[in-house]
Structure formats: structure tokens, C-alpha cells
Amino acid sequence: MHPRRWIAGTVAAAVLATGCTAGAGNEGASSSASTTSSALSDDMPTADPIATRLAEAITAFDVSTLPIDDPAAAQAELETIFAGMDDITPTVTVDDIEYSAQNNSARVQLTMEYPLGENGWSYASYAALDLVDDNWRISWSPSIIHPELTSDSRMRHQRSLPRRAAINDNEGLALVEERTLYQVGIDKTLIPETEWAAAAEQLALLLDIDPAEFQAKVAAGGERQFVVGRTMRQEEISPDVGVVTGAQVLPTSAMVPVSDTFAESLLGIVGSPTEKMLEDPETDVFASDTVGLSGLQARYEDQLRGVPEIRVDLVARVSDDDDTPADETFVEQNVFLQDASVPVPLETSLDRELQFKAEAVLADQPGMAALVVIQNDNGALLAAANSPAAGTYPQATFGKFAPGSTFKVVSSLAMLRSGMTPTSVVQCPATLEVAGKTFTNYSDYPASHVGSVTLTDALAHSCNTAFADAAGEVTPEQLHAAAGSLGVGTDYDAGFTSNFGTVEPNNSPIDRAASMIGQGQITMSPMAMAVVAASVASGKTTIPWLVEGEQALSTAQPLTPQEATQLQQMMTAVVDEGSGRSLAGLMTGAKTGTAEFGTVGAYKTHGWMIAWNDTVSVAAFVEEGISGSQSAAPLITALYS
């Protein structure tokens, strides 16, 4: 048994036995097996060794080798005493020994410490020793374990978790909360074995599950097993279930989201503890518990789960000479009590309807795709949705992909800081040679915008060669600083699973050129690119938040008002006259992006689009797309049309 320590909560202790303290530290106890002697006469041997052996034996839960009249009976009694303690046993230390030369005896004071409650539970107990032929022997008694224990009583541990708190949306309404569900299945004790198969088939058809699989499941179970077919909401259960012989409907509780897939990668899931959790001495869980396993459910486990009620009672059998019914022949004496705390709901920034719509837009999307929406004025994460191909992995907020030309917004800021303006003239050749590598523009790049163009035109029409050529004037450090001012490239603990991207170009000419167009050593999550758009739209460095009260603060050089205005003008041109024209009327500013990935000679392309209007900023990402304008922009149009 590993120690368990409660991490948070309010402890209320009840002390109903002499010498016992609940929810308190080891008051007056020695931290080792050292002792102090009282009235030890010259002709009496010290009892320190046997006292230490006793403490160690109880700690090891094995008293079968101690000098006791009947060690086997003592061991059996020890096991009976703790049979109801869920494998929770004490760590025992010797506190004091008092000797009686007149009676050739000694009294050992022990300190019993249990890993229960916020501060543990400790109390003093006593063991009697007798000196027989110059050797100390232990007078075994259940009271050694607890002063109030007798041969007719035992200890019982009970633990009850409070109702798990909800995770709420931005209006305070539950997105996922503990509700009563119903297990519908076959109780094999209610019908003869010859009817199991027929009942299983009949019930399977009502539950819309595979009859053959359920029949096999019923057959494989034990003779007295209740075999669950489905766990359902009450309104989903057909009234015809009641006519199936052997069918049973049993209530259970579960954390239920507003839909089976709603923001699952963000909110996370709950379930039974993992083996690692059960073995971790710092994790206070039992196999029967329900705990957060991922996402917010795991990150905020203590807040959502609360502190359980923990109690230890001494359960004693009383006389039944008066024909007392069997279920009333025990009395309980509480010796430890920790009150349950009230779990606190988690308030989030998620917009329920927007998240639903984003998931609906992506529901039929082939391959991996994501949509992220951030509120401009305060950085609230309103939606983060993945297509079904993403599974439960949080690609929208934690994915790592080359951002392609959407990153040119960051490069534009670095170029502005190097002395350029939106109207500065840059060169946009059809091809550009950098250290033997040829950079080209995308296949549909307009020929009318090749040659001498303004920086705004280069961004609006996404000229690769102009930005790659600027790498000679922008150092990796300057590019990283520009990214930081737009909220990315620096790792923040934003209170949820999030990736703010990597901006660490090396000093090779090729990689510096590639980084300026969002390739090379540049990776971003869809959320990170939405952050870039939100920083431009709001005119300030934006760090998104999801959980109320858990917002990271930027450590980067602030975005200046002049820089923000210039970037806003340039991104507006993308919608007015550039590659983002399809978003006109929905979005004010935007930037498309196409990024190559995969193996040389068989490259595939990511499709990106970031955009903003007066209230929100959006990032759309398609892992295997054609281009930003053809693959990602339609997702934004569908979301806001």
C-alpha cells in the first residue's frame, strides 16, 4: 500500500476516542524508533529492541514472527481489524517506554500515523510487555492498534467523493457536468441460462447494438453478472426494454458533455485512474474513483473533483441475546472525519454556439483541419474545433505545422522595424536564388505584380521572393522579436493545452529565407496564427485565455500603435485586392498561406487562412489542402455565413 495524502480542501476532525487526533500532525511523536526510558532498573534489559520490532512489524503488516503467545492468531486478528480499511495501514513509531520493576513489565507508547486527510491522522496507542526469563514478550491485544479496539471490533474506512463540478461556457452554462445515466443490460440471475442468448438478442435490437457481440458478452460473464449493453440517457431508453425477460436498468453517474464530441480535445475526458496514478504517492485516488484524464478535466482536477469525505469508524459487534436483527448487531464509533469540500465549477471563454458551428463546419471535412476563433478585445478563446480525423488530439491549439505565407504578417513587422513602411518598394522577381536554392512564387501568382512592388502589395498578393530576399536585412533575433510582439514564438502557460509556435531560424541563408515565408524552422498551431491576427486586429500583443483567472501575460516587446495601424492597413489590402478577396464583407483583414511539407519530390501542402474583423480573429487550417484561398478560406466563409 502506498501512502496517500489529500492535496487540497478543508479538514474537519472528530475525536471520539481517548488519545486520538484527527486531521492533525504527529503531535509529540518521535520521527524515528528511538525511545526514552522511565524507571528502568539495573537488572532489567532495555525494551528498545522489542519495541522497535513491534513498530516495524505493524508497519510491515506482519506480526507473525513477534514474541507473542499465539503469533498466527495475532496476525489473523490484525488482518481482520484492517479488512475494511481499503489497504490503508499505519506507519508506526515508538514514542516512549515506561518500565515497572515491581511487575517485571513495560508499557510502550506508539504513534500510529495514517496517510488520511489533508494533514494525515495520528494518535497514540499502547502495548504491554512482560519480562519472562530476561526476555521481553508482547502481550498482544487489538488495543495496540487503537485504544478503543476490542476482539469484537474492527476499523472501517469510508470515502465519498462530492459531485464533480461542471465546466461552463462563457455564459455560465454547463458544457459538461455530472448527470445520472442508466446502464441497460441483462441480469443473469433473473433468468435461467437457457434464456440468456434470446434475452441478449432481444435487448441488443432495442439498444441498437450488435446482437451477436452482446450475446457473446453475456455468455462470457459470470453466472451472477449484470452485463451492460449500453449506458444511456433516460429519454433514450425504449419502454419496450421492460418487456425483455432479465433486462435491468440501473442508474449510474457520469460526466456528460453537451454533445459526444463537443470541444473534447480542450475539455478532456474523465474515467478510471491509470495505474501510474494509483501508484503515485502524491496522487490521492482509488481505483473506484472517476478522475480527469486529459484536457481541462485533468489540468483542474483538484478544483473540479473537490476533497472527498473521509471517515474511519470502529465497528463493534454488540450482544444479540435479545434477538436483535442481524443488520443491527453492530455499532459505529467515529474516530476520524474529514468533511468533503464543495468542488468549484470551471468558467471558460468558450462560446457554445460558435463551437457547435465550427465543429459542424468541419464534420464532413476530409483529413485533418481546424478552426480557431479569438475575441479581439480581451483574447478570449471562443472556439477551437478539429475535424474528425484529428481524433482527440488537440490539433487546433497544440498542433505543430509550417504556417507558410500567413507568417508573412510576422515578417512584415520585422521589415517595418528595419526601416520600411507599407509603401516601401521591394523587388518581387519570378524566381530568387539563395545559396543555390531557388525560391519561386506560387503557381497562380499574378504576373502583374512581379517586379517592383510596395511592401503592402507583396503581402496582399503573397510574393515569396520579396520576403525571402528580405532575410538579408532581418536577423533571426529580429524575426523572433517580431513574432513575440504578435503573441507567438514564446512558450506561455496559458492554462490549457496550447502551442505558441517555434521561431528559431538558424543562420544559414537558405533557412533564414525560408523562415521569412513561414517554412524552414517555423512551426505554429492554428491557435497561434489566430493569435497573430488578433494582435494585429486589437493593436496589442494578445495572449489567449480559456479558463477564467488563468491568463498569461506577454513578456515580449509590445506592439506599438503605429506598427498595429500599418499591419492593419496591409492585411486589409489582402481582402480588398489580394488573395483574401473571397472574405470581403465577412472579414476586414486577412492573410492566406500555403506551406509545403513531406518528402522531397512528393510535397503536399497545408492550406491556411487567418482573418479578422471588428470583433473576432479566425484561423482556418487544412493539413492537406490546395492553397489557403481554395482550402482554408471556405471554412471561414461557412463559419460566418
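Reading guide: rules and limits
All chains use their own residue numbering, which begins from 1 and follows the written sequence. Restriction of local features to residues with pLDDT of at least 70 applies here, the model being predicted, together with a cutoff of 80 or more for giving and counting side-chain atom pairs; totals for whole chains, interfaces and linings are based on all residues. Only hydrogens and water are set aside; all other atoms, that is, all heavy atoms of the structure, feed into the side-chain values. Burial classes: relative accessible area under 20% of the type maximum marks a residue as buried, over 50% as exposed, and values in between as partly exposed (1.4 Å probe, protein chains only). The numbering of helices and of strands both runs from the N terminus, where a helix is a DSSP run of H or I of at least 4 residues and a strand a run of E of at least 2. Each pair of strands is called paired provided DSSP finds at least two bridges between the two strands. Confidence of the prediction at every residue is given by pLDDT, a number between 0 and 100. By definition in these notes, contact holds between two residues if any of their heavy atoms fall within 4.5 Å. Two cysteine sulfur atoms form a disulfide, by the criterion used here, when they sit within 2.5 Å. The term nonpolar core refers to a set of buried residues drawn from Ala, Val, Leu, Ile, Met, Phe, Trp, Tyr and Cys, joined through side-chain atoms within 4.5 Å. A pair of Phe, Tyr and Trp rings is counted when the ring centres sit within 6.5 Å of each other, with Trp represented by its six-membered ring. The angle between the planes then sorts it: under 30 degrees is stacked, over 60 is edge-to-face, the rest tilted. Each patch is built from residues that are more than 30% exposed by relative accessible area and take part in no salt bridge. Like charges join if they lie within 9 Å; nonpolar side chains (Val, Leu, Ile, Met, Phe, Trp, Tyr) join within 5 Å. Methods summary: accessible areas were calculated by the Shrake-Rupley approach with a probe of 1.4 Å, and residue burial reflects only the protein chains presented. The rule for a salt bridge is simple: a side-chain nitrogen of Lys or Arg has to be within 4 Å of a carboxyl oxygen of Asp or Glu. For the charge count, each Lys or Arg is scored as positive and each Asp or Glu as negative, with His and the chain ends excluded. Charge placement uses NZ in Lys and CZ in Arg. For Asp and Glu, CG and CD serve respectively. All axes are obtained by fitting lines to C-alpha atoms, using only the stretch in contact for helices, and the reported angles, taken between N-to-C directions, cover 0 to 180 degrees.

(A) Just the pairing of strand β4 (residues 105-114), in detail. Of all 10 residues making up β4, seven are buried, and the element is well covered by its neighbours. In the sheet, β4 pairs with strand β5 (residues 121-132) via 10 bridges, with the strands oriented antiparallel. Bridge pairing in β5 links T111 to A124. Between β4 and β5, which pair antiparallel one after the other, the connecting turn spans six residues, and G117 there sits at a positive phi close to 75 degrees.

(B) View of the confidence of the model for the protein. Summing up the model confidence of the protein, the mean pLDDT is 89 and the portion of residues at 70 or higher is 92%. This stretch, residues 1-37, has a pLDDT under 50; its non-local contacts, to residues over four places away or in other chains, come to 118 contacts.

(C) A look at the state of the cysteines. In the structure shown here, the tally under the stated rule is one disulfide. Note that C428 is cross-linked by a disulfide to C463, the S-S spacing being 2.0 Å. Between C428 and C463, the S-S dihedral sits near 110 degrees, and the bridge is therefore right-handed. Of this pair, C428 sits in strand β19 (residues 425-428) while C463 sits in the loop between α12 (455-460) and α13 (464-469), and the two are 35 residues apart along the sequence. The same class applies to C428 and to C463, which are both buried.

(D) Here's a closer look at the nonpolar core. Grouped together as the largest cluster of nonpolar side chains are 116 residues, with contacts concentrated most on L267, L296, L371, L486 and I636. Excluding residues that lie within four positions of it along the chain, L296 makes contacts with I167, L266, L267, G268, L304, L346, T348, G495, F496, L546 and V547. I50, F82, V108 and F336 belong to the second-largest nonpolar core, a separate cluster that totals 45 residues.

(E) Up close: unusual backbone geometry. Of note, N104 is a non-glycine position whose phi angle comes to about 50 degrees, a positive value. The residue N104 is located in the loop between β3 (91-100) and β4 in this model. On the basis of relative accessible area, N104 is assigned to the partly exposed category, the value being 37%.

(F) Local environment of the environment of A468. Secondary-structure assignment places A468 in helix α13. Relative accessible area serves as the criterion here: at 3%, A468 is assigned to the buried category. Sequence spacing of A468 and D511 is 43 residues, and the spatial spacing of their C-alpha atoms is 9.6 Å.

(G) Local environment of the packing of aromatic side chains. Summed over the entire model, instances satisfying the criterion amount to 12 aromatic pairs. Ring centres 5.9 Å apart and planes at 55 degrees place the aromatic pair Y99 and W136 in the tilted group. You can see Y99 sitting in strand β3 and its partner W136 sitting in strand β6 (residues 135-139), a full 37 residues away along the chain. Of the residues examined, Y99 reaches a relative accessible area of 6% and is grouped as buried.

(H) Just the pairing of strand β9 (residues 174-187), in detail. Along β9, 10 of the 14 residues are buried, which leaves the element largely enclosed by surrounding structure. With antiparallel pairing between neighbouring strands as the criterion, strand β8 (residues 167-168) and β9 make up a hairpin whose turn holds five residues, including G172 at a positive phi of roughly 80 degrees. Where β9 lies against strand β11 (residues 247-257), 11 bridges are found, and the strand directions are antiparallel. Bridge pairing in β11 places L181 opposite T252. Two elements, β9 and strand β10 (residues 226-232), share six bridges in a ladder whose sense is antiparallel. When the sheet's bridge partners are listed, V184 is paired in β10 with R230.

(I) A look at a negative patch on the surface. On the surface, a cluster of negative charge is made up of D42, D43, D133 and D134. Its place among the elements puts D42 in the loop between β2 (37-38) and α1 (48-60).

(J) Spotlight on the sheet that holds strand β14 (residues 309-317). With antiparallel pairing, the three strands of this open sheet are ordered in space as β7-β14-β15. The open sheet has two free edges, formed respectively by β7 (153-160) and β15 (330-338), since each of these has just one partner strand. Geometrically, the sheet is characterised by an average inter-axis angle of 25 degrees between neighbouring strands, direction not taken into account. With eight bridges connecting them, β7 and β14 associate as antiparallel partners. From the neighbouring strand, R159 faces β14, where its bridge partner is I310.

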